Amino acid sequence: QVQLVESGGGLVQAGGSLRLSCAASGRTNLYIMGWFRQAPGKEREFVAAIKRSGDTYYADSLNGRFTISRDNAKNTLYLQMNSLKPEDTAVYYCVTKGGLQVGRQQEDYNYWGQGTQVTVSS
């Protein structure tokens, strides 16, 4: 079993920055970790993923504004979000999965955190 606990969400003005963290416990050596988000009235969507090796994958829509990283020694995942826009408002979820392939669909991930709210005001 894996437990994922997100933190770092909050209210920020457009153009601002936030850094999300996700602490993983239980099973270690998680190969693939990532972030999804769900805006009100919308489906959950892939944001970014990172392999234990450091290889990163992003949603095309982010245009380089977000950076995913991880500290394997601390079993912690991060998401640095810059130049935030009101459309980034969502609940952000930390995820992990078994296997070696990065997935971009929510069905690909079998462990989810409880989510952290990010609200960007205009």
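Residues numbered from 1 in each chain as written. Predicted model: local features only at pLDDT ≥ 70, side-chain atom pairs only at ≥ 80, totals over all residues. Heavy atoms only, no water.

### Remarks on the sheet that holds strand 7 (residues 66-71)
Step number 1: With antiparallel pairing, the 4 strands of this open sheet are ordered in space as 1-3-8-7. One side of each edge strand has no neighbouring strand; the edge strands of this open sheet are strand 1 (2-7) and strand 7. Strand-to-strand twist of the sheet, defined as the mean angle between neighbouring strand axes without regard to direction, takes the value 15°.
Step number 2: With 6 bridges connecting them, strand 7 and strand 8 (residues 76-81) associate as antiparallel partners. Residue pairing for strand 8: serine 69 is matched across the bridge by tyrosine 78. (Pairing = 2+ DSSP bridges. Helix = DSSP H or I, 4+ residues; strand = E, 2+ residues; numbered from the N terminus. Axes fitted to C-alpha atoms, helices over the stretch in contact; angles between N-to-C directions.)

### Considering the state of the cysteines
Step number 1: Scanning the entire structure with this criterion turns up 1 disulfide.
Step number 2: Covalent S-S linkage joins cysteine 22 and cysteine 94, the inter-sulfur distance amounting to 2.1 Å. Taking the torsion about the sulfur-sulfur bond, which here is approximately -75°, the covalent link between cysteine 22 and cysteine 94 counts as left-handed. Of this pair, cysteine 22 sits in strand 3 (residues 18-26) while cysteine 94 sits in strand 9 (residues 90-97); the two residues are 72 residues apart in sequence, bridging distant segments of the chain. Each of the two residues, cysteine 22 as well as cysteine 94, counts as buried. (Disulfide = S-S within 2.5 Å. Buried < 20%, exposed > 50% of the residue type's maximum accessible area, 1.4 Å probe, protein only.)

### Things to note about the pattern of salt bridges
Step number 1: The tally for this structure, following the rule as stated, stands at 3 salt bridges.
Step number 2: Across the salt bridge formed by aspartate 88 and arginine 37, the nearest N and O atoms sit 2.9 Å from each other. Highlighted residues: aspartate 88 in the loop between strand 8 and strand 9 and arginine 37 in strand 4 (residues 32-38), separated in sequence by 51 residues.
Step number 3: Residue arginine 65 is joined to aspartate 88 by a salt bridge in which the shortest nitrogen-to-oxygen separation is 2.7 Å. Here arginine 65, found in the loop between strand 6 (56-58) and strand 7, pairs with aspartate 88, found in the loop between strand 8 and strand 9; they are 23 residues apart in sequence, far enough to count as distant. Taken individually, arginine 65 and aspartate 88 each receive the classification buried, so the pair is uniform in this respect. (Salt bridge = Lys/Arg side-chain N within 4 Å of Asp/Glu carboxyl O.)

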